[in-house]
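# Summary of the model geometry
Residues per chain are reported as follows:
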Amino acid sequence: MAAIVGYAKPKNSEGTSWEQHDKLLFTRLDTMISIMPLHERGNLTRRVSNIIPSNAPEWKEEYDKQFWEVLVEILGYGWLHDKFPSHRVQFEEPPDIVVRDDKCELVAAMACKKIRTSDANDQFFERQRKTGEVVGRDVDTRVLSSSPTENPFLRKLKDTLSQAERQLNQVDSPTKFIFLSISWDVSAAISRYKPCVIGLITKEASNLSSGITLIAFEELNADQPFVGG
């Protein structure tokens, strides 16, 4: 099953710190896959196999993004397995993952989401990669705004949480989680701005429907959530 997560290995610099980060991440993912019953591993394999159409002429960036979404679900599976060790965790839609007891009754449900970096952020660094020219970039202070009309990140966050709530509202579970991995744009990642951005996320978490808990973490560092946990 290591091949499943290997497909999505991110391209990063030659720095050993990133390489070490990747090794730890994929070791953790392999461990989580190894605890899955054979049936659930089969579901995961089919999910990954369906990302790339059989007649696809070439690799597309969208395939990478879909692989990363699967990785969030694997981490969500492991998180639920640790939280409910005496129950059965399984992939099931809606929402994405559920926990059932020995009578097949729902114990918990989870919707797994990922907020990616913006297209503008990606395009900026892609241009630098292609040209080799390192240029400065203005900080986008809109990320600090509490108004969704002014703050693109906040709009994306609200839309993502609303979609997750709709998924969770389709099941009758006593406990519900939104498992959210966030990749920061440069402006949001600046140390003096990040606490404000996390504050906006925390506020949105408090506005979720009763019974829904947000677990938010940076990139795929699910073992270090900055909201929930």
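Just above sits the structure.
Each value, and the rule that gives it
Every chain's residues receive numbers from 1 upward, in the order its sequence appears when written. Per-residue local features of the predicted model are confined to residues with pLDDT of at least 70, and side-chain atom pairs are confined, for both listing and counting, to 80 or more; whole-chain, interface and lining totals are unaffected and use all residues. Values shown for side chains rest on all heavy atoms present in the structure; no hydrogens or waters enter the calculation. Pairing between two strands is assigned when DSSP locates at least 2 bridges connecting them. Counting from the N terminus, the helices are the DSSP runs of H or I reaching at least four residues and the strands are the DSSP runs of E reaching at least two. A fitted line through C-alpha atoms represents every axis, and for helices the fit uses only the stretch in contact; the resulting angles, taken between N-to-C directions, go from 0 to 180 degrees. Exposed residues in this analysis have more than 50% of their type's maximum accessible area, buried residues have under 20%, and partly exposed residues fall in between, with area computed by a 1.4 Å probe over protein chains only. Any two residues whose heavy atoms approach within 4.5 Å at even a single point are treated as in contact. Nonpolar cores are built from buried Ala, Val, Leu, Ile, Met, Phe, Trp, Tyr and Cys residues. Side-chain atoms within 4.5 Å join them into one set.

Before going further, it helps to spend a moment on the sheet that holds strand S1 (residues 88-91). Spatial ordering of the open sheet is given by S1-S2-S3-S4-S5, a layout of five strands whose pairing is mixed. Taken across any chain shown, the strands that pair with only one partner, and hence form the sheet edges, are S1 and strand S5 (212-218). Recorded for the sheet is a direction-independent mean angle of 20° between the axes of neighbouring strands.

Relative to the elements of secondary structure, Glu204 occurs in helix H8 (residues 194-206). You can call Glu204 buried: its relative accessible area is 11%. Non-local contacts of Glu204, meaning those with residues more than four positions away in its chain, are made with Leu154, Leu157, Lys158 and Leu161.

Nonpolar side chains tend toward joint burial in soluble globular proteins. One finds Ile74, Leu80, Ile97, Met110, Phe177 and Phe179 to be the most contacted residues of the largest nonpolar core, which totals 35 residues. Mapped by element, the contributors of at least two residues to this core are helix H2 (16-34), helix H3 (38-49), helix H4 (61-83), S1, strand S2 (97-100), strand S3 (106-115), strand S4 (176-182) and S5. Of all the elements, H4 adds the most residues to this core, at eleven residues. With 27 residues, the next largest nonpolar core counts Ala109, Leu168, Val197 and Ala216 among its residues.

By themselves, these figures tell us nothing about what the structure is for.
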